2 protein chains.
Amino acid sequence: MQNFVYCNPVKIVFGKGTISSLPDLVSKNSKLMMVYGGGSIKRNGVYEQVKKALKGYKIVEFSGIEPNPAYETCMEAVKIVKEQKIDFLLAVGGGSVLDGTKFIAAAAKFGDGDPWKILSEGAEIKSALPLASVITLPATGSEMNSYAVISRKSTVEKFSFGSWRVFPVFSIIDPETTYTLPKKQLANGLVDTFVHVLEQYVTFNMNSPLQDRQAESILNTIVEISDDVLNKTNDYESRANFCWCATQALNGLIGCGVPQDWATHSIGHELTALYGIDHGESLAVVLPRVWEYNFELKKEKILQYGKRIFGIPGEDKDKTAMGIINTTEDFFRTLGIKTKLLEYGIDSKNAAEKISTRLKSRNTPLGENDQLFPEDVKKILLNC
Amino acid sequence: MQNFVYCNPVKIVFGKGTISSLPDLVSKNSKLMMVYGGGSIKRNGVYEQVKKALKGYKIVEFSGIEPNPAYETCMEAVKIVKEQKIDFLLAVGGGSVLDGTKFIAAAAKFGDGDPWKILSEGAEIKSALPLASVITLPATGSEMNSYAVISRKSTVEKFSFGSWRVFPVFSIIDPETTYTLPKKQLANGLVDTFVHVLEQYVTFNMNSPLQDRQAESILNTIVEISDDVLNKTNDYESRANFCWCATQALNGLIGCGVPQDWATHSIGHELTALYGIDHGESLAVVLPRVWEYNFELKKEKILQYGKRIFGIPGEDKDKTAMGIINTTEDFFRTLGIKTKLLEYGIDSKNAAEKISTRLKSRNTPLGENDQLFPEDVKKILLNC
């Protein structure tokens, strides 16, 4: 096991009817900004629940945070935050709304510098507004971590940043708020959760049997519940279990003391930025090809994963491990998520060229051993 | 799944050589009390490491916290804390030292009332000194939770208390500090960790597949590593994995949204208070008999546990579940921990009488459904 530091102070308030506990969690003296997206919370009743719970609070609303939240939109919110002297941000929506809110919290306190540097240069965040969330989409795990991913429309870029200063103070997770989600978003969330785990688990052996099994706990549960999540209407139990899996997949715990990959996410972000495919879709396309490319490095972990999650035994290690990669791709497809660029109308040659060129300028290799250079990413994308 | 609130802000600093990071974690302006036990940290080099790391700090030492830390001893420390205006407590040792430190932290700020009320009446803790730990014994999980168990010599009682105000600010876990532990303490720690998980897992079905598997992650790992933990000298990997299992077993995570039992611990505390047997020993004696007594309630979970941890299949549910209870008892015995009161020279009739009488005066039923009354505990103990 590697040395590690772990600290996650987010207060999780989980379950039916928990939005009504907002007054116990937010000071009455706060001047709040309620940040949300395109209006789905108005259609599913969440907006009403939040407003009712916070009756009597000073609230400024900011709507319009888009999927893959845009730097430009967030900066509009920052302007209002400063003008109105907002002192607490409440994100109400999915991971995009929350990620946008994290950036608003950091950018509003960034001082005189250009907040874009937080994303483009990893500039240090020395202060941030306190923020919290009512999360309505199980997928990103943003409700219990200190990371966010932000896109810039003008440059067609997508970057992540992280700082302990943007941990939500609390996150309310009421699984009932997911009842109205379209099937496509649920499927994307299942893939996202699954791949979050795989990025921290299918690397190479670090003698971490507990972390391995904690990772497998989430994978096995996702495989077990995915059909109910997608096909049962208003099924509290499967939605509750999905929500808790999504949160646990990216709150840092399973990554303690083990190598982490994240190449699939990095390449996926580029696909989303350039071609607009959903985040979950991009992961389903890229992951199997990253595994094939890093086959020798990952083989033993792929075999362990295949055996413990899908019950795949096998004498011939190479053949079995290749079969497990196919099974993983098939699993994404059974969720209704396509796994080939061509199926999304994207030319793999075009993507390989564009993305490898972009990565060259950034000069940061990808993968658990920093082993993937732009030329490697090019080859991976040609196979996508 | 039941509704729940989860928050655990403890910063874990894990790994080889991490004691040297103390200056990054404790303010130079603090006036520290370093709390420790009978002196084992002087023999194994931990004392020296801490003192070296904190060179130049104002430190008052308080030694002599005993296994099953005594209220009387802690109150001596409280006196010094007040006299010397100590503002930060650093526990260096095992769970007993840390539990004692948690009580000192709360009692020092309890105001004019009698701090014993924190234990006997569950009096609210409105303030506490900040505290942290260098933990040297994997067992209690105290390094990442807000609970403590304290004994009173004068009344031969043992009570627990909890408050978010006594979460350690940080805990340093360096697995190398466990190399000098006697085999008996390691075995007790393995049993304690295992039973912490079982108390939160072997209850009744609450449709919590992720929490179940997270619990099983710890159990499977303990079964897998226990032989190496007990028999390999200076084996970093098995000790590191044991340490992380012990921490994860009682940091609240696996108990999220599920029923919890804790009858074995409550009865075990009485056995330790009255007869002085080790905490781990008391658990190994009581747990199998609690399960037999609550057989119908726990049967389905016992079957799941037996299948997933020990690979025990079975057509006949009753016979299989009884066999799994025996396997669990056998597992404790293979660790070298006896499972019968008689083997500790304790008369079960005497224990049954004394403990059931004590519980009558407390008027709090035990078990996951508050189903165990003093008369039930009497019957359980007669079978121990």
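Our next topic: the overall build of chain A. On a plain count of helices and strands, chain A comes out with 15 helices and eight strands. Taking the principal axes of the C-alpha coordinates as reference, chain A spans close to 65 × 45 × 45 Å. With 384 residues in all, chain A has 54% of them scored as buried.

So, about the interface of chain B and chain A. Contact with chain B, which involves 31 residues of that partner, is made by 31 residues of chain A. Listed by contribution, the elements that provide at least two residues to the side of chain B that touches chain A are strand 1 (4-14), helix 8 (209-231) and helix 9 (236-249) of chain B. A breakdown of the residues in the side of chain B that touches chain A according to their chemical character gives 15 nonpolar, 11 polar and five charged.

Residue pairs three or four apart in sequence face the same way in an α-helix, which turns once every 3.6 residues. Taking 1.5 Å per residue, 19 residues should reach 27 Å; helix 7 (residues 183-201) of chain B reaches 27 Å between its end C-alpha atoms and fits that length. Burial analysis of helix 7 of chain B places 16 of its 19 residues in the buried class, which makes it a mostly covered element.

This part covers the confidence of the model for chain A. Looking at chain A, pLDDT values average 97 and 100% of them are 70 or higher. Interface predicted TM-score (ipTM) for the complex: 0.97; the corresponding pTM is 0.97.

Moving on, we get to unusual backbone geometry. Positive phi, close to 50 degrees, is recorded for asparagine 234 of chain A, a residue that is not glycine. With respect to the helices and strands, the residue asparagine 234 of chain A is situated in the loop between helix 8 (209-231) and helix 9 (236-249). The residue asparagine 207 of chain B is not glycine, and still its phi comes out positive at about 50 degrees. By the secondary structure assignment, asparagine 207 of chain B is in the loop between helix 7 and helix 8. For asparagine 207 of chain B, a count of 16 C-beta atoms within 10 Å gives the class partly exposed.

Rules used in this analysis
Residues numbered from 1 in each chain as written. Chains lettered and ligands numbered in written order. Predicted model: local features only at pLDDT ≥ 70, side-chain atom pairs only at ≥ 80, totals over all residues. Helix = DSSP H or I, 4+ residues; strand = E, 2+ residues; numbered from the N terminus. Buried ≥ 20, exposed ≤ 12 C-beta atoms within 10 Å, placed from the backbone. Contact = placed C-beta atoms within 7 Å. Nonpolar A, V, L, I, M, F, W, Y, C, P; charged D, E, K, R; others polar. Expected span 1.5 Å × (residues − 1). pLDDT = per-residue confidence, 0-100.

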